[in-house]
Amino acid sequence: QKQQQQRWWHRANTMCHRSWSSSVKKNIVMGKIYRDLSKPKEFVDGSFYLCKGDFLADALRQQHKWIDVPMLKKMVSLDCILESDQYKPVSHDLLQSPASKDMLLVIKALPRMEQTDPRGIPLDFLFVDEDIVCINKQPGIYTQPTGKNQTNCIAAALHYLYRNEGDSSNDVIPRNVHRLDKDTSGALVFALNKVSSRRLGKQFETKEVKKTYFALVEGQIETDSGTVTGKLKPEKVLGNTTKQVLGREGKWSESEWNVLQRSETEPFTLVEVKPLTGRTHQIRAHLASIGHPIVHDEVYGATIGNNPIINRIALHCASMSFIHPATGEHFTINAPLLDDMKDAMEQIAITKPLV
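Residues numbered from 1 in each chain as written. Predicted model: local features only at pLDDT ≥ 70, side-chain atom pairs only at ≥ 80, totals over all residues. Heavy atoms only, no water.

Participant: Got a minute to help me understand the side chain of Asn136 in this structure?
Facilitator: Tracing the sequence through the fold places Asn136 in strand S6 (residues 132-137). Not counting chain neighbours up to four residues away, the residues in contact with Asn136 comprise Asp124, Leu126, Gly186, Ala187, His316, Ala335, Pro336 and Leu338. (Helix = DSSP H or I, 4+ residues; strand = E, 2+ residues; numbered from the N terminus. Contact = heavy atoms within 4.5 Å.)

Participant: For this particular structure, what's the right way to read the environment of His330?
Facilitator: Along the polypeptide, His330 turns up in strand S15 (residues 330-334). With relative accessibility at 74%, the residue His330 sits in the exposed group. Contact partners of His330, with chain neighbours within four places excluded, come to Phe322 and Ile323. (Buried < 20%, exposed > 50% of the residue type's maximum accessible area, 1.4 Å probe, protein only.)

Participant: Even after reading the chapter, I still don't get the packing of aromatic side chains, so can you show me in this structure?
Facilitator: The description of an aromatic ring pair rests on the distance of the ring centres and on the angle between the ring planes. Tallying each qualifying case throughout the model produces 2 aromatic pairs. Centroid distance Phe322 to Phe331: 5.5 Å. Interplanar angle 45°. Geometry classified as tilted. A single burial state applies to Phe322 and to Phe331, both of which are buried. (Phe/Tyr/Trp six-rings, centres within 6.5 Å; stacked < 30°, edge-to-face > 60°.)

Participant: What's the story with the nonpolar core in this structure? I'm lost.
Facilitator: Generally speaking, soluble globular proteins have nonpolar side chains that are buried together. Ranked by size, the top nonpolar core spans 59 residues in total, and within it Leu216, Ile294 and Phe322 carry the most contacts. Once you skip the residues sitting within four places of it in the chain, Ile294 turns out to touch Ala215, Leu216, Val217, Ile283, Arg284, Leu287, Ala302, Ile313, Ala314 and Leu315. Residues Leu50, Ala99, Met103 and Ile107 belong to the second largest nonpolar core, which totals 19 residues. (Core = buried A, V, L, I, M, F, W, Y, C linked by side-chain atoms within 4.5 Å.)

Participant: Looking at this structure, I do not really get the pattern of salt bridges. What am I missing?
Facilitator: Where charged atoms from two side chains of opposite charge approach closely, those side chains can pair. Per the stated rule, a full pass over the model turns up 8 salt bridges. Close ionic contact of Lys101 with Glu83 constitutes a salt bridge, the shortest N to O distance being 3.8 Å. In this pair, Lys101 sits in the loop between strand S3 (88-89) and strand S4 (103-107) while Glu83 sits in strand S2 (residues 81-83), placing the two residues 18 residues apart along the sequence. In this structure Lys101 comes out as partly exposed when scored by relative accessible area, which is 38%. Overall, Glu83 belongs to the buried group, its relative accessible area being 9%. Put simply, Arg284 and Asp181 hold a salt bridge, and the shortest N to O gap is 3.3 Å. (Salt bridge = Lys/Arg side-chain N within 4 Å of Asp/Glu carboxyl O.)

Participant: How should I be thinking about the side chain of His324 in this particular structure?
Facilitator: Turning to its location among the elements, His324 is positioned in the loop between strand S14 (315-323) and S15. Taking relative accessible area as the criterion, His324 reaches 4% and is therefore assigned buried. Those residues in contact with His324, other than ones at most four positions away along the chain, are Phe127, Asp129, Asp131, Ile132, Glu329 and Phe331.

Participant: Can you walk me through the pairing of strand S5 (residues 125-128) in this structure?
Facilitator: Judged from the 3 bridges that link them, S5 and S6 form a sheet pairing that is antiparallel. Bridge pairing links Val128 to Val133 in S6. Turn length for the S5-S6 hairpin, with the two strands adjacent in sequence and antiparallel, is 3 residues. (Pairing = 2+ DSSP bridges.)

Participant: What am I meant to see in a nonpolar patch on the surface here?
Facilitator: Nonpolar side chains collect at one region of the surface, where Phe125, Val128, Tyr160 and Leu161 lie side by side and expose about 370 Å² of accessible area between them. The set of elements that each furnish at least two residues to the nonpolar patch consists of S5 and helix H5 (154-162). (Patch = residues over 30% accessible without salt bridge, like charges linked within 9 Å, V, L, I, M, F, W, Y side chains within 5 Å. Areas by Shrake-Rupley, 256 points an atom, 1.4 Å probe, with all protein chains shown as cover.)

Participant: What am I meant to see in unusual backbone geometry here?
Facilitator: Excluding glycine, a negative phi dihedral is what most residues carry, and trans is how most peptide bonds are arranged. Despite not being glycine, His281 shows a phi value in the positive range, around 55°. With phi around 60°, Ala349 is a residue other than glycine that occupies positive phi space. Its place among the elements puts Ala349 in the segment after helix H8 (339-347).

Spelled out as C-alpha cells, the structure:
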C-alpha cells in the first residue's frame, strides 16, 4: 500500500507540475485556462465533494484545474480545506491517501499576499475591436502573472475590464499571444477570443510578425548597421536572476540593427532593432554582445551611475505588423515613445524625431 501511495504521489505531482509549469504559456495563449487573472491565485473559496476512494488532488482540480501539488500542500498546511460537517481541517493523510469516506469539503481563502490592484494599472489603448486589443505598455508592469506578482500585470488589468464570469455569454477572456519584459515599454497585443488567439499565436510561431524597437545604448557605435546571430542559452547570475548568453548551445537567434543617431555630447547611441526571432531577452543580449548594452540594463553590463538619464531599461517596442486575425488585412500598430525615454534623449542631445 505504501508503494502504491508513493506511485500515486509521484504521478500526481508530475501531472500537476507538467500541466501548470510546462504548459502554462501555451494554455494561456490557447485559452484553456479560464481563471480570472484579476483575482490572485490565493483567492479560492467554495465547496466540493470528495468521494470515498478518490484522491483530494483529483477532486479539487476538477473545479480548479490551475491548482498544482505545491499549492494544494500549502492549502492543507494552512488549514484552508475543511470538512463541512465538523468544520475542521482535513487530515494531511489526504495528500497521499484516498478518502476513507464520502465528504463535502469547504475551501476558505488563503491569506492573500500584497498585490497590486489591477484597477490602478495604466492602460494606454492604441486600438480595440472585437478580436484584439493593442496597448502601449508602461514600464514597471509585467505582461502576465509571474511568481509572486499575480496582479501587477496587463493581463490582470484587462481581465478586470473584460471578464464576466457570472454570464458566460458575455465573458470575454483576453489572452496574451506574446509578451514584453517588465521594464520594456511599447506595443503589446492581446487576443479577445479563441480564434484570434490561435491565428495570432501561429503568426508569432512562424515569425510572420514584424517588430521594431528603439533602444538607447552605452557608447558610440562606430558602424552604421549590423546583424547579430547565434544561439542563446540562459545562465544564472546574481540570486535568481537569469541572463541569456551567446554560445554554441541554446536556441538560434537573429537581430538586425542600425544606428539612428549618435549623441554629440555624451557616449550614447540611439539604435533601431528588428528581431527576426523572438527569444527571451534577445535584444538585450545581442546589443550587449557587441559591446553596447542598453542603458540601465545592469544585468547585461550597463553602468548605472549616481545620476542615470533614465530609471529603467531604455528599450521600447515602437511598432508591430501582422495580419489581422479577423479581417485578414495587414495591420500595423505604432506605439509612441514614452516621456521618460524622450527626456533621456533630450539630456544627451539626441533630437531625431521618432514615432
